[in-house]
Amino acid sequence: MDRMEICGLMAEKNEPVPLKSISVEVLVQDHVATVSSTLQYVNEEERPLEALFVFPLPADAAVCHFSAKIGEQEIVAEVQDRETARDQYDDAVSSGQQAFLLEESAESPDVFRLSVGCLSAGQNAAVTIIYVTELAVQADHSLRFCLPAVLNPRYTPAGSAAGIVSEISSGAVPYTLTLSVHVSSPKPISKLESNCTLDPLVFLHSDHTQATVNLSPGHMFNKDVELFVYYQDTHQPSAIVEAGVTTAPPGSLMRDPVVMISLYPEFPELTLTRGEFVFVIDRSGSMGCQMHDGKGAQMPIESAKDTLLLLLKSLPMGCYFNIYGFGTHFESFFPQSVVYKQKTMDKALKRVKEIRADMGGTEILQPLKHIYSQRCYPDHPRQLFIFTDGGVGNTKEVLDLVKSHAHSHRCFSFGIGEGASAALITGMAREGSGHAQFITDTDRMQPKVMQSLRFALQPAVLNISVDWTLPDGVTVDTLSPPISVLFQGQRALMYAQLKGESSGGSEASVSVKYSLKDQPVTNQLHFCLKPTVETGLSIHRLAARTLIRSLEQEERSGPADVEGIRSRMVELSVQAGVSSVHTAFIAVNKDSRQTVKGPLVQRRVQTYNLSLEIDTTNIQYDRIAPREFRVSAHEQSFHCSKMMAFTERAFLRMSNWVPEVTTPEQKTGFMTKIQNFFHCGSKTVNAPSDQTDSESKSDAAPELQKNPLLQLVSLQKASGCWDLDATLADVFGKTEDELTNQKPAQVDGSVWATLLALIWLYGCKIEQQMEWQFVAMKAASWIGSQKVGDLSQCVCVGNVLLGCQVTKETLGI
């Protein structure tokens, strides 16, 4: 059994939680963040205690420091081979010494487990963890930093040996959070925004290249803390050269300088490509719960349905498409992808309206296998869009599957709500040469998804190569995997080790060459080899982490020399002082020793409790749920999405204890009844039956007419035009007669209706252009195909009718 899955360590109700506070300091340097988190523990019990804390970190973070301070004594951890570190920890704790162990999950690189061993009664321990991470570029060109607070249970497929003990955070957590951020960049800082309340931003220099900000006091750490950093000229290519450590072995990664290259390729204007678009929607139970508690909060499943409407209306004529829903099983709208036309679009939209969050758990592997088994269509590259709000216990197996089919598709992934696995979402996009997006808190899904559609409609960049021009005496070893994907305006990062000594100048350059629609393109960046910015060793550590991830992929692909790769990974991890799946941080206070009578009391850090009675089976939930699924403290304050995520993972295990729940149909019915419990607030759940609620509260979605934009989009034909009728007039707040009476004589009804729709979009909904850009492009293209004469007068009349002021040129006709 993997060390990450440990049962029987749950704290009982009303037992003290040893974690008291978390203090976080963030240093943002351009688009790299160094994060220092200090966790303050105290043993309030009357005997020695072992505290266990499972928590999330960014998926691509490189953990590079781990220490513990007890009183005035600080113990700095060392990186060691994982099994050696575990043995050393167990030996220390069993002999009464204080010990600390930090290790990465074997199933998911964004989950860590901290063991705090042998805390004496009344003793305090401050544990500090430092990691470095790259900041992802967002649709609005900001850089996103996320401090994960919520680690939802990862859904483990039936029959899988994988398992990750997870925490569920909701309501009032029993510890406090303080957070301070220092931002430094060669580019001026425009602003900082957050999903949490911040104190006012303070600029340290008149040129606005340095600033500090703090999280306002009183923050309840029950959701991710997101920070968005806006720079001027964000998309300028850059290079950061970092000096190595003179005491490191010659020729090693830590001895030589390392350069991080950041490129933003600019493509020439090109027509959009047709392809095969496959949309994969998570229909597990937690998708039927509100993402947040604010006014107008929408359930992920309803937001996904609105998004599917926009996607279907935005597809180009002549492409192929299909839609999958998945939970504990999966289903598709069509046996295989079909040609996009009015008939197939209408059929798909009818099915979209019927989508519910009613398919149980989160098993994504099987639908992906089915999709990849389908033949691809020549000249229609496959574009895969995956929407999920959770995580899985077999993350690496999923990523390996995506990677093995990277040659035949691009994967665009979307993490919805708090607790979606960053490792899964970013990993699928990375291995599938696509793009990842996160929709959290009050984010709207549609603009982010439409940005990814814009990427998917771009032609694939082929034959990518990287050339270096360096002074004599200097060579380069590229540490990053070969660049496999480039998108217009999106950052591409490369790490490289610089070897040797320059016999001449210090100027260098890197060129990225590729072909786009059979046309050669070159992007070049000139940079200086001399280190100019003090970055500690953050670039080296991120480079080491990148190389370790590549080695992990090699190891899982099963070559003959698995032991050699593993040995190289451990050597690199120890040398660079960064975490890996085969190493762990171990710290032992050898000066402390106390007599331990009997086993240590073991406690887990967690937040709240649920006790649920299933009347018809007369089985207490507490008794059928294994201990790893129990949580503690205030039933009334739980957040629906967290509890549903908990239920999804638990319910398959429950079927082992409930004889009546055995078949897939019974499991789905059982899950539906549990969902209804959460949605209606009932204290009991009925047994599975053949009858289902025709409309639960979670399914009572608002009609499209409450959103005029979506109503307008829903009326568009697949070809891009609109009909002149009463439903269209209603969107504009007009009657059908008002539209018809003002129609110029030289145009027919559909042209007039389509022209009015364009005027309304540009005149009344310009702030949402990201969402309707392709709808408008199709409309303008359709009008152009009708060979109508001069439309200038029509645009003037339409402006007067709708109270807008847009030009013919703006409309693109």
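Please refer to the structure placed before this passage.
Conventions used here
Per-chain numbering applies: the sequence of each chain, read as written, is numbered from 1 onward. For a predicted model such as this one, the threshold for reporting local features is a pLDDT of at least 70, and the threshold for listing and counting side-chain atom pairs is 80 or more; totals across whole chains, interfaces and linings nevertheless cover every residue. Side-chain metrics rest on all non-hydrogen atoms present in the structure, leaving aside hydrogens and water. Strands are runs of DSSP state E lasting at least 2 residues, helices are runs of H or I lasting at least 4, and numbering of each runs from the N terminus. By definition, residues are in contact when any of their heavy atoms lie within 4.5 Å. Accessible surface area values rest on a Shrake-Rupley calculation with a 1.4 Å probe, where residue burial reflects the displayed protein chains alone. A 3.5 Å cut-off defines polar contacts: any pair of N or O atoms within that distance qualifies, except that in protein one atom must be a possible hydrogen donor and the other a possible acceptor, and neighbouring residues in sequence count only when both atoms are side-chain atoms. Any two rings among Phe, Tyr and Trp, with Trp reduced to its six-membered ring, count as a pair given centres within 6.5 Å; such a pair is stacked if its planes are under 30 degrees apart, edge-to-face if over 60, and tilted if neither. With a 1.4 Å probe rolled over the protein chains alone, any residue whose accessible area is under 20% of its type maximum counts as buried; one over 50% counts as exposed, and the rest are partly exposed. Pairing between strands requires that DSSP locate at least two bridges from one strand to the other. The axes used here are C-alpha line fits, helices contributing only the stretch in contact, and every angle between their N-to-C directions lies in the interval 0 to 180 degrees. The salt bridge definition used is simple: a Lys or Arg side-chain nitrogen within 4 Å of an Asp or Glu carboxyl oxygen. Throughout, the term roughly parallel applies to angles under 35 degrees, roughly antiparallel to angles over 145, roughly perpendicular to angles from 65 to 115, and oblique to all others. Less than a right angle of anticlockwise turn of the near helix away from the far helix marks a crossing as left-handed, whereas a clockwise turn marks it as right-handed. Gly is put with the polar residues, along with every residue not named as nonpolar or charged; the nonpolar set is Ala, Val, Leu, Ile, Met, Phe, Trp, Tyr, Cys and Pro, and the charged set is Asp, Glu, Lys and Arg. In plain terms, two cysteine sulfur atoms within 2.5 Å form what is called a disulfide here. Viewed with both strands pointing away, a crossover whose connecting path from the first strand over the helix to the second turns clockwise is right-handed. Here, expected helix span is obtained from the residue count minus one, scaled by 1.5 Å.

1. Details of the overall build of the chain
(1) Moving on: Helix and strand counts for the chain come out as 19 helices and 34 strands.
(2) Moving on: In the chain, 74% of the contacts between residues at least 6 apart in sequence involve partners at least 24 apart.
(3) Moving on: Per element, the accessible surface of the chain, about 32300 Å² overall, is 49% carbon and sulfur.

2. Thoughts on the side chain of Thr209
(1) Moving on: Tracing the backbone shows Thr209 in the loop between β14 (202-203) and β15 (210-214).
(2) Moving on: Polar contacts involving the side chain of Thr209 include one to the side chain of Asp207, which spans 2.8 Å.
(3) Moving on: Excluding residues that lie within four positions of it along the chain, Thr209 makes contacts with Val183, Ser184, Ser185, Pro186, Lys187, Pro188 and Ile189.

3. Focus on the packing of aromatic side chains
(1) Moving on: With the rule as written, the count across this model stands at 12 aromatic pairs.
(2) Moving on: Taken together, a centroid distance of 5.3 Å and an interplanar angle of 65° make the contact between Phe279 and Phe385 edge-to-face. In this pair, Phe279 sits in strand β19 (residues 276-282) while Phe385 sits in strand β23 (residues 382-388), placing the two residues 106 residues apart along the sequence.
(3) Moving on: Here Phe385 falls in the buried class, since its relative accessible area comes to 0%.
(4) Moving on: An angle of 20° between the planes, with centres 6.0 Å apart, marks the rings of Phe385 and Phe414 as stacked. Separated by 29 residues along the polypeptide, Phe385 in strand β23 and Phe414 in strand β24 (residues 409-416) bring together distant segments of the chain.

4. Concerning the sheet that holds strand β30 (residues 519-528)
(1) Moving on: In space, the three strands of this open sheet follow the order β26-β29-β30, with antiparallel pairing throughout. Of all strands in the sheet, those with a lone pairing partner are β26 (462-469) and β30, marking the two edges. When strand polarity is set aside, the average angle formed by the axes of neighbouring strands in this sheet is 15°.
(2) Moving on: Alignment of β26 against strand β29 (residues 507-516), held across six bridges, turns out to be antiparallel. Note that in β29 the partner of Leu462 across the bridge is Ser515.

5. A word on the pattern of salt bridges
(1) Moving on: Tallying each qualifying case throughout the model produces 22 salt bridges.
(2) Moving on: One salt bridge connects Asp30 with Lys187, and the closest N-O pair in it is separated by 3.3 Å. Taken together, the residues Asp30 in the loop between β1 (19-29) and β2 (32-42) and Lys187 in the loop between β12 (176-184) and β13 (189-194) connect sequence positions 157 residues apart.
(3) Moving on: Between Glu104 and Arg549 there is a salt bridge, with its nearest N and O atoms 3.6 Å apart. Taken together, the residues span a long stretch of sequence, with Glu104 in strand β7 (residues 98-104) and Arg549 in helix α8 (residues 538-556) at a distance of 445 residues.
(4) Moving on: Sharing partners across several salt bridges, the network here consists of Arg82, Glu83, Arg86, Glu103 and Arg113.

6. Overview of the packing of helix α2 (residues 300-314) against helix α17 (residues 769-785)
(1) Moving on: Remark: α2 packs on α17, axes separated minimally by 8 Å, with the N-to-C direction vectors making an angle of 30°. Considering their axes alone, α2 and α17 lie roughly parallel with respect to each other. As for the relative orientation of α2 and α17, their crossing is left-handed in sense. Two secondary-structure elements touch here, α2 through Leu310, Lys313 and Ser314 and α17 through Glu771, Phe774, Val775 and Lys778.
(2) Moving on: Of the residues belonging to the contact of α2 with α17, the class tally is three nonpolar, one polar and three charged.

7. Brief notes about the environment of Ser421
(1) Moving on: Mapped onto the fold, Ser421 is located in the loop between β24 and α6 (422-431).
(2) Moving on: For Ser421 and Pro58, which are 363 residues apart along the polypeptide, the C-alpha to C-alpha distance reads 9.2 Å.
(3) Moving on: A distance of 3.1 Å separates the side chain of Ser421 from the backbone nitrogen of Leu424, its partner in a polar contact.

8. Brief notes about the sheet that holds strand β18 (residues 258-263)
(1) Moving on: Taken together, the four strands give an open sheet; going across it, the order is β17-β18-β28-β27, and neighbouring strands pair in antiparallel fashion. At either margin of the open sheet sits one strand with a lone partner, and together these are β17 (238-242) and β27 (474-478). Across the sheet, the axes of successive neighbouring strands diverge by a mean angle of 25°, strand direction being ignored.
(2) Moving on: Sheet topology note: the β27/strand β28 (residues 492-500) ladder contains five bridges and is antiparallel. Residue pairing across strands places Val474 opposite Gly500, the latter belonging to β28.

9. Thoughts on the state of the cysteines
(1) Moving on: A complete count under the given rule lists zero disulfides for this structure.
(2) Moving on: With no disulfide of its own, Cys764 has Cys804 as its nearest cysteine by sulfur position, at a separation of 3.7 Å.
(3) Moving on: By relative accessible area, which is 33% here, Cys764 ends up partly exposed.

10. Remarks on the side chain of His409
(1) Moving on: Mapped onto the fold, His409 is located in strand β24.
(2) Moving on: Since its relative accessible area comes to 5%, His409 is described here as buried.
(3) Moving on: Of note is the side chain of His409, whose polar atom sits 3.0 Å from the side chain of Tyr372.
(4) Moving on: In this structure the side chain of His409 is engaged in a polar contact, spanning 2.8 Å, whose partner is the backbone oxygen of His405.
(5) Moving on: His409 has contacts with Tyr372, Arg382, Leu384, Val402 and Gly432, leaving out every residue within four places of it along the chain.

11. What to know about the packing of helix α7 (residues 445-457) against α17
(1) Moving on: At a minimum axis distance of 8 Å, the contact between α7 and α17 shows a crossing angle of 45°. With respect to each other, α7 and α17 are oriented oblique. Seen from α7, the contacting residues are Gln446, Pro447, Met450, Gln451, Leu453, Arg454 and Leu457; seen from α17, they are Met770, Glu771, Gln773 and Phe774.
(2) Moving on: Here the contact of α7 with α17 is built from residues that sort into six nonpolar, three polar and two charged.

12. With respect to the pairing of β24
(1) Moving on: In terms of burial, β24 is largely enclosed, as eight of its eight residues are buried.
(2) Moving on: Two elements, β23 and β24, share seven bridges in a ladder whose sense is parallel. Its bridge partner lying in β24, Gln383 is registered against Arg410.
(3) Moving on: Viewed along the sheet, the connection from β23 through helix α5 (residues 395-404) into β24 turns out right-handed.
(4) Moving on: In this structure, β24 lies alongside strand β25 (residues 435-439), joined through five bridges in parallel fashion. Of the residues in β25, the one forming a bridge with Ser413 is Ala436.

13. Re α2
(1) Moving on: Between its first and last C-alpha, α2 extends 21 Å over 15 residues, near the 21 Å set by a 1.5 Å rise per residue.
(2) Moving on: Counting buried positions over the 15 residues of α2 gives 15, a clear majority of the element.

14. Some words on the pairing of β29
Remember that side chains alternate between the two faces of the sheet whenever the strand is regular.
(1) Moving on: Judged by how many residues are buried, β29 sits mostly within the fold: eight of 10 residues are covered.
(2) Moving on: Pairing analysis gives 10 bridges linking β29 to β30, with the strands arranged antiparallel. Among the inter-strand pairings, Leu516 is bridged to a residue of β30, identified as Gln519.

15. What to know about unusual backbone geometry
(1) Moving on: The backbone phi angle of Ser433 is positive, close to 55°, even though this residue is not glycine.
(2) Moving on: With respect to the helices and strands, the residue Ser433 is situated in the loop between α6 and β25.
(3) Moving on: Even without glycine at this site, Asn463 takes up a positive phi of about 55°.
(4) Moving on: In this structure, Asn463 sits in strand β26.

16. Considering helix α18 (residues 792-802)
(1) Moving on: When we look at burial in α18, the residues that qualify are Cys794, Val795, Val797, Gly798, Asn799, Leu801 and Leu802.
(2) Moving on: Tucked inside the fold, the buried residues of α18 contact α15 (736-741), α16 (749-764) and α19 (808-811).
(3) Moving on: At the exit of α18 stands Gly803, carrying a positive phi of roughly 70°.

Remember that the coordinates give geometry; whether it matters functionally is a separate question.
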